[in-house]
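Spelled out, the chains give:
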Amino acid sequence: MYYFTDDCLLGVEMIDNEHRELFRMINETKELLENEILEDKYNRIQEMVERLKEYAEQHFRHEEEYMESIRHPELELQKQQHLIFCEKIDEADMRASGSGQQELLDDLLKYLVTWLYRHIIGCDLMIGKLKPVENKSVVPVFSEQYLTGIDLVDEEHKELFRIIGEVYRVNTEEYLHDKYDEIVHLLEELKEYTKFHFADEEKYMQSIQYEGLAAQKRAHDAFVARLEEMNFEHIDEHQQETLEEIMEFLTEWLVNHILHSDKKIGK
């Protein structure tokens, strides 16, 4: 089963509920893939793909309307990603009429799981959170509320907060006209340290046979993918606006992930 976990919550009830339904459809795909009794799955596949396509289009329309209503800066990027998803589902619809039903279901399930987790955690979490920072001198600081009780994890979380704090410092530096090179350097440092930290965290979870390891891995992969997909050319051309959006995302994601996911490991 694939679960809609707390680190997938946006805080926008309509969108969160529709994401839950998409997860339900993913699990329906998994059940059909693992059904060894049903030999010919053609009708079930066709019906499932049609429902998925129809629901995804409805959800994307609602999501885009909400983003437009709050003047979300990544609306156009979201529209492009939604279009790519719909094209992939259309491709699955055409393949459903041919042979290789198990292969089709396996490919579809892998795509749905990877895309949905990465899209929600890497992009959708920014919806409603990209607001002007009221006090730009305030930097995120690691405090007692973020302690997991696992020394290694806590020390590495402190380092992540330190790097993000450095990005905030450069971003709010009034006398630095061109901040691009410093920001790119810090984001690269953040990406590399994040990979290092996630590997350590996953190794620890594996050592204690933590039941939430799979969900944590998906969240980690989605975050790294979001960093790797950053458009540095766009950052260079719209430095201040874009950097504030990125910093807001980094802080929101890290705080949300530690409080709602990582603290559960220590328990």
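Residues numbered from 1 in each chain as written. Predicted model: local features only at pLDDT ≥ 70, side-chain atom pairs only at ≥ 80, totals over all residues. Heavy atoms only, no water.

1. Side note on helix H2 (residues 42-69)
Under the 1.5 Å per step criterion, the end-to-end length of H2 is 41 Å for 28 residues, consistent within 8% with the ideal 40 Å. Every buried residue of H2 is listed here: Ile45, Met48, Val49, Leu52, Lys53, Tyr55, Ala56, His59, Phe60, Glu63, Glu64 and Met67. Just downstream of H2, Arg71 is the residue with a positive phi angle, here 55 degrees. (Helix = DSSP H or I, 4+ residues; strand = E, 2+ residues; numbered from the N terminus. Expected span 1.5 Å × (residues − 1). Buried < 20%, exposed > 50% of the residue type's maximum accessible area, 1.4 Å probe, protein only.)

2. Some words on the side chain of Glu28
Relative to the elements of secondary structure, Glu28 occurs in helix H1 (residues 13-33). With near-sequence residues (within four places) excluded, Glu28 lies in contact with Met48 and Arg51. (Contact = heavy atoms within 4.5 Å.)

3. Some points on the environment of Glu211
By the element assignment, Glu211 lies in the loop between helix H6 (180-207) and helix H7 (213-228). Under the relative-accessibility criterion, Glu211 is labelled exposed at 80%.

4. Structural notes on the packing of aromatic side chains
In this structure the tally under the stated criterion is 10 aromatic pairs. Taking 4.5 Å as the distance between ring centres and 40 degrees as the angle between the ring planes, the aromatic pair formed by Phe85 and Trp115 counts as tilted. Residue Phe85 is located in helix H3 (residues 75-95), and its partner Trp115 is located in helix H4 (residues 101-122); the two are separated by 30 residues in the primary sequence. Relative to Tyr146, the ring of Phe142 has its centre 5.9 Å away and its plane inclined at 45 degrees; by these criteria the two rings are tilted. In this structure, Phe142 and Tyr146 share a single accessibility class: buried. In this structure an aromatic cluster arises from ring pairing among Phe60, Phe85, Tyr111 and Trp115. If you follow Lys88 out to its NZ or CZ, it ends over the ring of Tyr111, 5.3 Å from the centre. (Phe/Tyr/Trp six-rings, centres within 6.5 Å; stacked < 30°, edge-to-face > 60°. Lys NZ or Arg CZ within 6 Å of the ring centre and 35° of its normal.)

5. With respect to the packing of helix H5 (residues 151-171) against H6
Taken N-terminus to C-terminus, the directions of H5 and H6 make an angle of 170 degrees; their axes are 10 Å apart at the nearest point. Taken as axis vectors, H5 and H6 run roughly antiparallel relative to one another. Taken together, the residues of the contact of H5 with H6 sort by class into 12 nonpolar, 4 polar and 9 charged. (Axes fitted to C-alpha atoms, helices over the stretch in contact; angles between N-to-C directions. Parallel < 35°, antiparallel > 145°, perpendicular 65-115°, else oblique. Nonpolar A, V, L, I, M, F, W, Y, C, P; charged D, E, K, R; others polar.)

6. A word on the packing of H6 against H7
Direction vectors running N to C along H6 and H7 enclose 175 degrees, while the axes themselves pass 11 Å from each other. With respect to their mutual orientation, H6 and H7 come out roughly antiparallel. Listed contacts from H7 to Lys191, Thr194, Lys195, Phe198, Glu201, Glu202, Met205 and Gln206 of H6 are Leu213, Gln216, Lys217, His220, Phe223, Val224, Leu227 and Glu228.

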